[in-house]
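What the coordinates show
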Amino acid sequence: MRHQFRQGLNAGQRGVIGATRLVFAMTLFAGISLVVLPRYESFVAKSKIQEGFNLASDSKAQLSEFFITRGRFPETESEAASIKTQSLTPPEFVRAIEIDYEDPKNAVMVRMYFKDGVLTSEIGPEDYVYLAGNKSSVPGSLIEWTCGGIGLHYKLLPTQCVK
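Read on for an overview of the structure. (Residues numbered from 1 in each chain as written. Predicted model: local features only at pLDDT ≥ 70, side-chain atom pairs only at ≥ 80, totals over all residues. Heavy atoms only, no water.)

Describing the overall build of the protein chain
To keep it simple, the criterion reads: The helix count covers DSSP runs of H or I at least four residues long, the strand count covers runs of E at least two residues long, and both are numbered beginning at the N terminus. Here the term buried applies to any residue with accessible area under 20% of the maximum for its type, exposed to any over 50%, and partly exposed to those in between, with areas from a 1.4 Å probe on protein chains only. For this analysis, residues touch if any pair of their heavy atoms sits within 4.5 Å. Note that accessible areas follow from Shrake-Rupley with a 1.4 Å probe, and for residues the cover is restricted to the protein chains shown.
A tally of helices and strands in the protein chain yields three helices and four strands. The secondary structure elements of the protein chain, listed N-terminal to C-terminal, are α-α-α-β-β-β-β. Counting only residues that meet the buried cut, the protein chain has 34% of its 163 residues in that class. Sequence separation of 24 or more characterises 44% of the internal contacts of the protein chain that already satisfy a separation of 6 or more. A total accessible area of about 10800 Å² is found for the protein chain, and carbon and sulfur atoms account for 58% of it.

Written out as structure tokens, the structure is:
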């Protein structure tokens, strides 16, 4: 029956049906793209932030070792410079990893800055992910580490930073 129906259509009618199918397929593809692409971009940005956070964690380990051996965090620029991540090469999207030993709220802070426009257009040059270390107030623990981000949407932060 279907074959007979097609034969009954002239070339113009078959073209309209083909064009309708094409428009439907394009509409469906566009609708799916509107949902999938933003999630993919968010996934890529979160992955890059996590990779940079892992790199900053190398500095965290070195700062912990410094604290354990000396009983304090770095207090001078030369001491902080000796801690900077040396074992890993920063990925292309990381602009800088800084160790701040003069942070007003924490004994030490490791900040990781991203290059402009690499993650999302919403992240500016002063936005960063951080690891903050303080002498622990909990008996049996030496250091309390916290992490977070300034200027970043909480959904982009590594899972260990979201409270």
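Section: the pattern of salt bridges
Short version of the rule: Any carboxyl oxygen of Asp or Glu within 4 Å of a side-chain nitrogen of Lys or Arg constitutes a salt bridge here.
In total, this model carries five salt bridges according to the counting rule given. Measuring nitrogen to oxygen at the nearest pair gives 2.8 Å for the salt bridge that ties Arg72 to Glu79. For Arg72, a relative accessible area of 25% puts it in the partly exposed group. The network of salt bridges with shared partners includes Arg70, Arg72, Glu75 and Glu79.

As for the sheet that holds strand E1 (residues 94-100)
Note: strands within a sheet are paired through backbone hydrogen bonds, in either parallel or antiparallel orientation. As a reminder, the rule being used: By this definition, two strands are paired if DSSP reports at least two bridges between them. Helix axes are fitted to C-alpha atoms over the stretch in contact, other axes to C-alpha atoms as well, and angles between N-to-C directions run from 0 to 180 degrees.
With respect to topology, four strands assemble into an open sheet ordered E1-E2-E3-E4, the strand pairing being antiparallel. Of all the strands in the sheet, just E1 and strand E4 (143-150) have a single pairing partner and so form its edges. Neighbour-to-neighbour, the strand axes of this sheet turn through a mean angle of 15°, independent of strand direction.

Let's talk about a nonpolar patch on the surface
Let me state the cut-off plainly: Within this analysis, patches are made of residues with over 30% relative accessible area and no salt bridge. Like charges are joined at 9 Å or less; nonpolar side chains (Val, Leu, Ile, Met, Phe, Trp, Tyr) at 5 Å or less.
Taken together, the side chains of Phe24, Leu28 and Ile32 present a nonpolar region at the surface, about 330 Å² in accessible area. If you trace the backbone, Leu28 turns up in helix H2 (residues 11-70). Looking at Leu28, the relative accessible area reads 47%, which means it is partly exposed.

So, the packing of aromatic side chains
Operational definition: For this analysis, a ring pair means two rings from Phe, Tyr or Trp (six-membered ring only for Trp) whose centres lie within 6.5 Å, classed as stacked if their planes differ by under 30 degrees, edge-to-face if by over 60, and tilted for the remaining angles.
Going through the model one piece at a time under the given rule, you end up with five aromatic pairs. When the centroid spacing of 6.2 Å and the interplanar angle of 80° are considered together, the rings of Phe73 and Trp145 count as edge-to-face. A residue pair is termed long-range when its members are at least 10 positions apart, and Phe73 in the loop between H2 and helix H3 (77-83) and Trp145 in strand E4 qualify at 72 residues. These aromatic residues form a ring-pair network of at least three members: Phe67, Phe73 and Trp145.

Notes on the environment of Val44
Its location among the elements puts Val44 in helix H2. Taking the C-alpha atoms as reference points, Val44 and Leu156, separated by 112 residues in sequence, lie 9.6 Å from one another.

Details of the side chain of Ser136
Just so we agree on the cut-off: Polar contacts, as counted here, are pairs of nitrogen or oxygen atoms within 3.5 Å of one another; within protein the pair requires one atom able to donate a hydrogen and one able to accept it, and residues that are adjacent in sequence qualify only if both atoms are side-chain atoms.
When you line up the elements, Ser136 lands in the loop between strand E3 (128-135) and E4. Here Ser136 falls in the buried class, since its relative accessible area comes to 15%. Of the polar contacts made by the side chain of Ser136, one reaches the side chain of Glu144; its length is 3.3 Å. Excluding its chain neighbours within four sequence positions, the residues that come into contact with Ser136 are Ser141, Leu142, Ile143 and Glu144.

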